[in-house]
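Inside the fold
Listed below, chain by chain, are the residues.
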Amino acid sequence: MTAKKILVIGATGAVGRAAATALEADGEVLRASRSSELQVDLEDRASLRSLLERVGTVDAIVSCTGAVPFKPLPELTAEDFEAGMLGKAVTQISLVTEGLGRVADGGSFTLVSGILTQHPVPAAVAASTANGAVEAFVAAAANELPRGVRINAVSPNVLRESPGHHAAFKGFTQVTAAQVAQAFVRSVHGIETGQVFRVWG
């Protein structure tokens, strides 16, 4: 099997680090984030375009990033929902629309959503909404991507490595970043498209 050239965005976070490390077993991994040598801010379209120009053609683009506000519904404003959609959904959608010309024939995109799409916790309405948008986009886009390009999403449960979130996820089965990373490996090296790979323990 020919080694793939894989761009991992959000590579300094717990999931991104684990995914990049797992993908390095069978490919050349380019690690990008706001703080790495390959810098990118997905909320800045010019920054994204600059990164894509710098890395050239790749076999896969992986996203392990997304920020959303957590507030009780009565406190959420329209601006909060806009921020959540931008931070988690619009940025990842832009990654696909901007990155499509940089992905080789038969390549792939892998985005990230989360268990909150189906199983919300208190104060997570904005997060659940943004995650749902990501999954809907993946399902629809898979039907129209050209040149055999595939797209999937990974939906992780709360991470064992993120104790600051554990109190909000009482009764949920914690998963490790290494477990989540294998779903990204499956997406990059597999043949499925339009799927959501759930890592829920």
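A brief report on the enclosed structure follows. (Residues numbered from 1 in each chain as written. Predicted model: local features only at pLDDT ≥ 70, side-chain atom pairs only at ≥ 80, totals over all residues. Heavy atoms only, no water.)

Taken N-terminus to C-terminus, the directions of helix 3 (residues 78–99) and helix 4 (residues 125–141) make an angle of 20 degrees; their axes are 8 Å apart at the nearest point. For the element pair helix 3 / helix 4, the angle class is roughly parallel. The interaxial crossing formed by helix 3 with helix 4 has right-handed handedness. Residues F81, G84, M85, K88, A89, Q92, I93 and V96 of helix 3 lie in contact with helix 4, whose contacting residues are V125, A126, T129, A130, N131, A133, V134 and F137. (Axes fitted to C-alpha atoms, helices over the stretch in contact; angles between N-to-C directions. Helix = DSSP H or I, 4+ residues; strand = E, 2+ residues; numbered from the N terminus. Parallel < 35°, antiparallel > 145°, perpendicular 65-115°, else oblique. Left-handed = near helix turned anticlockwise from the far one by under 90°. Contact = heavy atoms within 4.5 Å.)

What follows concerns helix 5 (residues 177–189). One turn of the α-helix equals 3.6 residues, which is why residues spaced by three or four share an orientation. With 13 residues, helix 5 extends 18 Å from end C-alpha to end C-alpha; this agrees with the ideal 18 Å at 1.5 Å per step. Regarding helix 5, the residues found buried are A177, V180, A181, A183, F184, V185, S187 and V188. Taken together, the buried residues of helix 5 touch strand 1 (4–9), helix 1 (14–23), strand 4 (58–63), strand 5 (103–112), strand 6 (150–156) and strand 7 (195–199). (Expected span 1.5 Å × (residues − 1). Buried < 20%, exposed > 50% of the residue type's maximum accessible area, 1.4 Å probe, protein only.)

With respect to topology, 7 strands assemble into an open sheet ordered 3-2-1-4-5-6-7, the strand pairing being parallel. Lying at the two open borders of the sheet, with one neighbouring strand each, are strand 3 (38–39) and strand 7. Bridge count between strand 1 and strand 2 (residues 27–33): 6 bridges; the pairing is parallel. Following the sheet pairing, I9 is matched in strand 2 by A32. (Pairing = 2+ DSSP bridges.)

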